[in-house]
Amino acid sequence: MQRPPFSLFLERKYLEWQIKIGERKSQAEFAKLIGVSRASLTMWMNGIHLPEHESVEKLATFLGPEIYDALDLPRPNPYLQKINQVFERLSPEHQQKLSEDAARYETEALKNGSTKISKRRKTTPH
């Protein structure tokens, strides 16, 4: 039986890490390094389960955005991520202004016919 792409991706990252540090390490040590339980790592590497959304975001920080490809998930939009980071630090008045500006930009884009509607797959990891 063929293993899922994510399982192969994770195994490759584990092996690359060992090569990078120049010594063999256990999966438990790799799990600790990336901030997950050994049991979760084992299930993911064996193709039994896939990580939850929160874990995917956390893993992407360490393993890179290719994790989204391995899970057949859309990669997060970097512009939207930046807006979300900034938004949380703004006062309520500035949050409202930013929201109004976004609505105005959308209206202008629709008038100009330049809005691109993206189709996102609804894939839910287990």
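The structure presented is a predicted model; accordingly, all values stated were derived computationally and were not measured.

Caption draft 1: Focus on the overall build of the protein chain. The secondary structure content of the protein chain amounts to 7 helices and 0 strands. Buried positions account for 23% of the 126 residues belonging to the protein chain. Pairs at least 24 apart in sequence give 47% of the contacts found in the protein chain among residues at least 6 apart. Within the structure as shown, the protein chain displays about 9,600 Å² of accessible surface, and the carbon and sulfur contribution to it stands at 55%.

Caption draft 2: Fine view of helix 6 (residues 78-89). Between its terminal C-alpha atoms helix 6 stretches 17 Å, which fits the 16 Å expected from 12 residues at 1.5 Å a residue. Among the residues of helix 6, the N-terminal cap falls to N77, whose side-chain oxygen and the backbone nitrogen of Y79 are separated by 2.7 Å.

Caption draft 3: Structural detail: the side chain of S7. Of note, S7 is situated in helix 1 (residues 5-21). A polar contact is formed between the side chain of S7 and the side chain of R3, at a distance of 3.0 Å. In this view, S7 contacts W44, M45, N46 and G47; residues no more than four positions away in its chain are not counted.

Caption draft 4: How the structure looks around the nonpolar core. The biggest cluster of nonpolar side chains holds 21 residues, and the ones touching the most others in it are F6, L10, F30, L41, L59, L63 and I67. Breaking this core down by element, the ones donating at least two residues are helix 1, helix 2 (27-34), helix 3 (38-45), helix 4 (53-63) and helix 5 (66-70). For this core, the element with the highest residue contribution is helix 1, accounting for 5 residues. F30 has contacts with L10, K13, Y14, W17, L41, F62 and L63, leaving out every residue within four places of it along the chain.

Caption draft 5: Here's a closer look at the side chain of K13. Within the secondary structure layout, K13 lies in helix 1. Looking at K13, the relative accessible area reads 16%, which means it is buried. Here L63 takes part through its backbone oxygen, which lies 3.2 Å from a polar atom of the side chain of K13. Contact partners of K13, with chain neighbours within four places excluded, come to F30, L63 and E66.

Caption draft 6: Inspection of the pattern of salt bridges at higher detail. With the rule as written, the count across this model stands at 10 salt bridges. Across the pair D101 and K97 runs a salt bridge whose closest N-O atoms are separated by 3.0 Å. One end of the pair is D101 and the other is K97, both in helix 7 (residues 92-112) and 4 residues apart, which spans about a single turn. D101 is the partner of R104 in a salt bridge, and the nearest nitrogen-oxygen pair spans 2.9 Å. Here D101 and R104 lie together in helix 7, a separation of 3 residues that amounts to about one turn.

Criteria and thresholds
- Residues numbered from 1 in each chain as written.
- Predicted model: local features only at pLDDT ≥ 70, side-chain atom pairs only at ≥ 80, totals over all residues.
- Heavy atoms only, no water.
- Helix = DSSP H or I, 4+ residues; strand = E, 2+ residues; numbered from the N terminus.
- Buried < 20%, exposed > 50% of the residue type's maximum accessible area, 1.4 Å probe, protein only.
- Contact = heavy atoms within 4.5 Å.
- Areas by Shrake-Rupley, 256 points an atom, 1.4 Å probe, with all protein chains shown as cover.
- Expected span 1.5 Å × (residues − 1).
- Polar contact = N/O pair within 3.5 Å; in protein donor to acceptor, adjacent residues only side chain to side chain.
- Core = buried A, V, L, I, M, F, W, Y, C linked by side-chain atoms within 4.5 Å.
- Salt bridge = Lys/Arg side-chain N within 4 Å of Asp/Glu carboxyl O.

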